[in-house]
Amino acid sequence: MTSSAIAQAGTRNTGRHLGAALLVIATAQLMVVLDATIVIVAQPHIQTALGFSGSGLEWVTNAYALALGGLLLLGGRAGDQFGRRRMFVAGLLLFSAASLAGGLATSQAWLLAARAVQGAGGAIVAPTALSLIATTFPEGPPRNRAMGVYAAMSGAGGAAGLLAGGLLVTYASWRWVLFVNVPIGIAVTLAALAVLPAAARRPGRLDLPGAITGTGGVAALVYGLSSAAASPDGTSHWGDGKVVTALAAGAILLAAFALIETRSRDALLPVRLLRQRDRLGANLIMLVVGTAVFGVFFFINLFVQDIWGYSALRTGVAFLPLTAVLLAASAAAAALVPRIGARPLLLAGGAASAGGLYWLSRVTEHSTYAGGLLGPMLLAGAGLGLLFVPLPLVALARVGEADSGVASSLLNAGRQVGGSLGLAVLGTVAWTVVANSARGHAAAARTAAWQAAYQHALAAGFDRAFLVASGIALLTLVIAIAAIRIRRADLSGG
């Protein structure tokens, strides 16, 4: 066989494996993103089973978010240095083992430890999955289509988690929101070994000082923001000692991290990645999107359950149209990127997301699902689908293979930190308005009139949070106009 024939056979073989590789990567990403919300639906059952207090229950979510956010940069760089397939498989196995342990938990400490280890596994899988797309799929339509599927899984995972959690809690038990990851994780691991390309370990040392300060800084920031939101009684925690200390520690550690990275020969986050205008803009937009959207998912879930009285399962079903339109918009964006470029999609997506969130702020306790909630969700979902495809394409454009993992982790970290910031800001806004609105009716407590007044107060508080989220989402337009200059040819392989 001639060398040309061998090359052609290799190309055909690679082509046959691309679809399977994409399925593996997308499934792993869906599993990581879905796990951030699937547990939310099960929290009341977890509280009853293990005796969590109200504040302690928050750590079932926070332990996962803290480990995931804090370790993303380290997970991305580990994939670059030690081999992406190797670290992808290691992350999946760690995530699956922690899920099994969490499902078997018989104490609070046991479950929280398992959730933290899950987050560590997710911090390896998420950036490695994105960098595998950048290094496995050739530029142009193949990579655009793959990024569309990846983006759809990233965007739809939150809503899918609510549905999956509702189904599992209703027909099985809360433990299955964790057990379900085990067979999926094992299957994806075996498939990854078969279809993903292996890479040799790269020379160089891991930037240990950068890893410590970067991980500690992001973790402290996420912890401070997670603890800062006002309580449902309207009490603000932004001035609490633990919040101020955590945010200050985060700022100091991240400043030290920045200084270390400018001087390190094997930097965890090379400064050159932040000097490119388009890449910086894409990461800032993802930070804004995370800030605006993650808290909105949280409060829509509360709105339909606490105000409209939806069950966990009905809540999950209510999010299905949003998931469907997000998938469709992601597919459309993947096809449009090589034709019109990233900037028009970012502008359209930002405008649609902001418009949908503003429309959402008009819903009341007397609204119906079809007349009040469905339209805003469809508009916002379409906007998110248009945003989630071009953002990773822009963030990874012209990134060398050796840096694709850390560039991917930077984008994921922006979304994670943005989510924590959004919950802190929108939570403070919502619960402050709720408390102020309900205070005047305290004398009528436990009467039917008070119940109606409190329902109105909840709706008013959540609507104010949606309005603030809409204003935050408008920043995507400002950043896209000011920073995004990338050419179509850079995204289409031309």
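Novice: Tell me about empty space enclosed by the protein, and please be specific about residues and values.
Specialist: As enumerated under the stated definition, the model contains five cavities of 30 Å³ or more in all. Of the volumes computed, that of the largest cavity is approximately 110 Å³. The wall of the largest cavity is formed by V293, V296, F297, I300, L322, S353, L357, L360, P376, M377, A380 and L384. Of the residues in the lining of the largest cavity, the class split is eleven nonpolar, one polar and no charged.

Novice: Talk me through the packing of helix α4 (residues 108-136) against helix α5 (residues 141-171); I want residue IDs and the actual numbers.
Specialist: Following both chains from N to C, one finds α4 and α5 inclined at 160 degrees, their axes separated by 9 Å at the closest point. In terms of orientation, α4 lies roughly antiparallel with respect to α5. Where α4 crosses over α5, the two elements pack in a sense that is right-handed. Seen from α4, the contacting residues are A126, A129, L130, I133 and A134; seen from α5, they are R143, A146, M147 and Y150. For the contact of α4 with α5, the residue count by class is eight nonpolar, no polar and one charged.

Novice: Can you tell me about the nonpolar core, naming the residues and giving the values?
Specialist: One finds F88, L196 and F462 to be the most contacted residues of the largest nonpolar core, which totals 114 residues. Per-element accounting of this core gives the leading share, 15 residues, to helix α10 (residues 277-307). Excluding its chain neighbours within four sequence positions, the residues that come into contact with F88 are V24, I25, A28, V125, T128, A129, L132, V188, A192 and L196. In terms of nonpolar packing, the next biggest core, distinct from the first, is built from 16 residues, L34, V39, V60 and L168 among them.

Novice: Can you tell me about the environment of R464, naming the residues and giving the values?
Specialist: Within the secondary structure layout, R464 lies in helix α17 (residues 448-473). For R464, a relative accessible area of 42% translates into the label partly exposed. Here the alpha-carbon distance between R464 and V433, two residues 31 residues apart in the chain, equals 7.6 Å. Setting aside residues no more than four positions away along its own chain, R464 makes contact with V429 and V433.

Novice: Describe the pattern of salt bridges, and please don't skip the residues or the numbers.
Specialist: For the structure on display, the rule yields six salt bridges. Here D80 makes a salt bridge to R84, at a shortest N to O gap of 2.9 Å. Residue classification places R84 among the buried residues on the basis of a relative accessible area of 4%. Through salt bridges that share partners, R77, D80, R84, R272 and D403 make up one connected network.

Novice: Lay out a nonpolar patch on the surface with the relevant residues and their values.
Specialist: Taken together, L100, L104 and W110 make up a surface patch of nonpolar side chains, about 280 Å² in accessible area. Within the element layout of this structure, L100 appears in helix α3 (residues 84-103). You can call L100 partly exposed: its relative accessible area is 38%.

Novice: Report on the packing of α3 against α4, specifying residues and quantitative values.
Specialist: Close contact between α3 and α4 brings their axes to 8 Å; oriented N to C, the two are set at 155 degrees. Taken together, the axis directions place α3 and α4 in an arrangement best described as roughly antiparallel. Along this stretch, α3 crosses α4, giving a crossing that reads as left-handed.

Novice: Lay out the packing of aromatic side chains with the relevant residues and their values.
Specialist: If you walk through the whole model with that rule in mind, you get ten aromatic pairs. On the numbers, 5.3 Å between centres and 85 degrees between planes, the contact of F303 with W308 is edge-to-face. Looking at W308, the relative accessible area reads 16%, which means it is buried. Note that R314 overlies the ring of Y310, its terminal NZ or CZ placed 3.9 Å from the centroid.

Novice: Kindly report on the environment of F299, identifying the contributing residues and their values.
Specialist: Among the structural elements, F299 can be located in helix α10. On the basis of relative accessible area, F299 is assigned to the buried category, the value being 1%. Sequence spacing of F299 and L426 is 127 residues, and the spatial spacing of their C-alpha atoms is 8.9 Å. Residues contacting F299, with those up to four places away along its chain left out, are L426, G427, A430, W431, F462 and F466.

Novice: Kindly report on unusual backbone geometry, identifying the contributing residues and their values.
Specialist: With phi around 60 degrees, R398 is a residue other than glycine that occupies positive phi space. Since its relative accessible area comes to 46%, R398 is described here as partly exposed.

Novice: I'd love a proper account of the layout of surface pockets, names of residues and values included.
Specialist: The space that makes up the second largest pocket amounts to roughly 520 Å³. Lining the second largest pocket are 20 residues; nearest its centre among them are L73, L254, L269, L274 and L410. Among the elements of the structure, α8 (208-228), α9 (241-263), α10 and α16 (404-439) are those that each provide at least two residues to the lining of the second largest pocket. In terms of residue class, the lining of the second largest pocket is built from 15 nonpolar, four polar and one charged.

The rules behind each value
- Residues numbered from 1 in each chain as written.
- Predicted model: local features only at pLDDT ≥ 70, side-chain atom pairs only at ≥ 80, totals over all residues.
- Heavy atoms only, no water.
- 1 Å grid on protein atoms, 1.4 Å probe; cavity = no way out; pocket = protein on both sides within 12 Å on 5 of 7 lines; lining within 4 Å.
- Points joined across faces, edges and corners; volume = space filled by probe spheres on them.
- Nonpolar A, V, L, I, M, F, W, Y, C, P; charged D, E, K, R; others polar.
- Axes fitted to C-alpha atoms, helices over the stretch in contact; angles between N-to-C directions.
- Helix = DSSP H or I, 4+ residues; strand = E, 2+ residues; numbered from the N terminus.
- Parallel < 35°, antiparallel > 145°, perpendicular 65-115°, else oblique.
- Left-handed = near helix turned anticlockwise from the far one by under 90°.
- Contact = heavy atoms within 4.5 Å.
- Core = buried A, V, L, I, M, F, W, Y, C linked by side-chain atoms within 4.5 Å.
- Buried < 20%, exposed > 50% of the residue type's maximum accessible area, 1.4 Å probe, protein only.
- Salt bridge = Lys/Arg side-chain N within 4 Å of Asp/Glu carboxyl O.
- Patch = residues over 30% accessible without salt bridge, like charges linked within 9 Å, V, L, I, M, F, W, Y side chains within 5 Å.
- Areas by Shrake-Rupley, 256 points an atom, 1.4 Å probe, with all protein chains shown as cover.
- Phe/Tyr/Trp six-rings, centres within 6.5 Å; stacked < 30°, edge-to-face > 60°.
- Lys NZ or Arg CZ within 6 Å of the ring centre and 35° of its normal.

Coordinates in, geometry out; function isn't part of it.
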